[in-house]
Amino acid sequence: MPAAWILLPLGLGTALVGSVGGLGGAILLVPLLVVLGVDPRLAAPLGIMSVAAGSLAAAPRQLGDGLVHQRLGVLLEIPASAGAIVGALVGNVIDADVLARLLGIVAIGAAFAGATRKGMRNLPSPTFGAEPAGEWPGTLGGSYHLGDEVVPYSARRVPAGLGAMIGAGIISGLAGIGGGFVKTPVMSELMHVPVKVAAATTTFTVGITAAAGLAVFSSQGRVDTHAGAAVVVGSLAGGLLGARVQSRLHPQAARWVISGLLVGIGVLLLVTAR
Amino acid sequence: MTAPVPSPLAGRQRRLVVALQVVFAVAVAASIGALVLPGRAGDVAGGVMVAVLVGAPALRIGWLVQRWLRRGDRRFAAAAIALLGVLVVAVVT
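Just so it is clear, the structure is predicted and the values come from calculations on it, not from any experiment. (Residues numbered from 1 in each chain as written. Chains lettered and ligands numbered in written order. Predicted model: local features only at pLDDT ≥ 70, side-chain atom pairs only at ≥ 80, totals over all residues. Heavy atoms only, no water.)

Residue-level account of the environment of W136 of chain A, with values.
Residues and elements named next belong to chain A. In this fold, W136 is placed in the loop between strand 1 (134–135) and strand 2 (141–146). Its relative accessible area of 4% is what places W136 among the buried residues. Distance from W136 to Y153, taken between C-alpha atoms, is 10.0 Å for residues 17 residues apart in sequence. (Helix = DSSP H or I, 4+ residues; strand = E, 2+ residues; numbered from the N terminus. Buried < 20%, exposed > 50% of the residue type's maximum accessible area, 1.4 Å probe, protein only.)

Rendered as structure tokens:
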């Protein structure tokens, strides 16, 4: 196992990236740990701990900024979690390298979809000027602040989004990852949720998935708390910083950052598949 | 697009934000303790750290259930309860 002074900055960097882009971060951390010689069976729990810690650290800031749509997150997490159970149960039927290639192509495709879109779908509206930022009770709509303006939004294509989340969940269960790199593009590109809201909401939901995974790993005795503590200290700091960076990013910039990260993840997956 | 009648409480979840900040502080203390404390004390701190990371999302969803029930938002309260049920199945499976 690498020393704490190596694990801590790795946790910081991946959690920062994860909470800015709503991508989790385990998908970056686990391959890096494996490259450093960590047994994949020990690297996976460290990745999950990083995601859980990053999600916890980012939560107060993102909630306070009104960027998290908890109703949407809870609703979408039900099919995603159910899909993850199915994926975990049938995990052996798909070759790991085939799966990695498939995920790589999905990530690059999602990056392309986000990067090639011009302009903003959800525009500021003076009608909603008095609205506090946040979700509207009883609905899948809400508003967030963009500078001094208020941007209203409403999730579209909800049935398609729920279906896509089953797919994202199955991928999560098959690959043992949080699936944030699928969930954020589904919310922003398919359901037309603003990219910053999608990223913050996914950061909330991947924390739920990670907590369930961590409970399983812990019951199996696969959690190295000393190495995990180094990753968690770094990830708590990274999640905090990531939430600050994300709240200051313009939606267009956030979309470019997420697309760049998705390309990086996609290439990493394609390269690591034998 | 039409918004529901603006509620002065909409979007304000100050108590949840404060609770999450407290949980965050406990997680920081426990993880630093697990990193630097030797022997049994370090193990205990590590156990607390894992418990906090596992428990925080469940607490948050539980808080949302009671908030949404109190406000008559039964559909989403039911969804949150269903999610907790799916997570229990996931952990047990």
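Give a detailed account of the interface of chain B and chain A, specifying residues and quantitative values.
At the interface, 46 residues of chain B touch 55 residues of chain A. Overall, the association of chain B and chain A removes approximately 4200 Å² of surface from exposure, summing both partners, and the carbon and sulfur fraction of that is 80%. Ionic pairing is found between D73 of chain B and R71 of chain A, a salt bridge with its closest N-O pair at 2.6 Å. Put simply, the parts of the chain that give the side of chain B that touches chain A at least two residues each are helix 1 (14–36), helix 2 (39–70) and helix 3 (74–92) of chain B. Residue composition of the side of chain B that touches chain A, grouped by class: 35 nonpolar, 8 polar and 3 charged. (Contact = heavy atoms within 4.5 Å. Buried area = accessible area lost by both parts, 1.4 Å probe. Salt bridge = Lys/Arg side-chain N within 4 Å of Asp/Glu carboxyl O. Nonpolar A, V, L, I, M, F, W, Y, C, P; charged D, E, K, R; others polar.)

Lay out a nonpolar patch on the surface with the relevant residues and their values.
Residue and element names in this part refer to chain A. A cluster of nonpolar side chains, V86, L89, V90, V93, I94 and V98, forms an exposed patch at the surface whose accessible area comes to about 520 Å². With respect to the element layout, V86 can be found in helix 4 (residues 70–89). Given the relative accessible area of 43%, V86 is considered partly exposed. (Patch = residues over 30% accessible without salt bridge, like charges linked within 9 Å, V, L, I, M, F, W, Y side chains within 5 Å. Areas by Shrake-Rupley, 256 points an atom, 1.4 Å probe, with all protein chains shown as cover.)

Go over the sheet that holds strand 3 (residues 149–154) of chain A, please, and point to the residues and values.
Residue and element names in this part refer to chain A. Strand order in the open sheet formed by 3 strands is 1-2-3, and the pairing between neighbours is antiparallel. On the outer flanks of this sheet lie strand 1 and strand 3, each paired with one strand and no other. Across 6 bridges, strand 2 lies against strand 3 in antiparallel orientation. Paired with Y144 across the strands is V151, a residue of strand 3. (Pairing = 2+ DSSP bridges.)

Any chance you could break down the pairing of strand 2 of chain A for me, citing the residues and the numbers?
Residue and element names in this part refer to chain A. The buried fraction of strand 2 amounts to 5 of the 6 residues, a majority that puts the element mostly inside the structure. In the sheet, strand 1 pairs with strand 2 via 2 bridges, with the strands oriented antiparallel. Bridged to E135 within strand 2 is G142. In this structure, the hairpin formed by strand 1 and strand 2 is closed by a connection of 5 residues, where G138 is found at a positive phi of approximately 75°. The antiparallel hairpin formed by strand 2 and strand 3 contains 2 residues in its connecting segment, where G147 sits at a positive phi of about 65°.

With reference to specific residues and values, describe unusual backbone geometry.
The bulk of non-glycine residues show a negative phi, and the bulk of peptide bonds are trans. Residue and element names in this part refer to chain A. A positive phi angle, close to 45°, is found at R157, a residue other than glycine. Along the chain, R157 falls in the loop between strand 3 and helix 6 (158–175). The partly exposed category is assigned to R157, whose relative accessible area is 48%.

Quick rundown of the nonpolar core? Include the residues and the values.
L56 and F181 of chain A are the most contacted members of the largest nonpolar core, which totals 105 residues. In contact with L56 of chain A, other than residues within four places in its own chain, are L236 of chain A together with L20, V23, F24, A27, V52, L53 and A56 of chain B. (Core = buried A, V, L, I, M, F, W, Y, C linked by side-chain atoms within 4.5 Å.)

Such coordinate-based values are descriptive only and should not be taken to indicate function.
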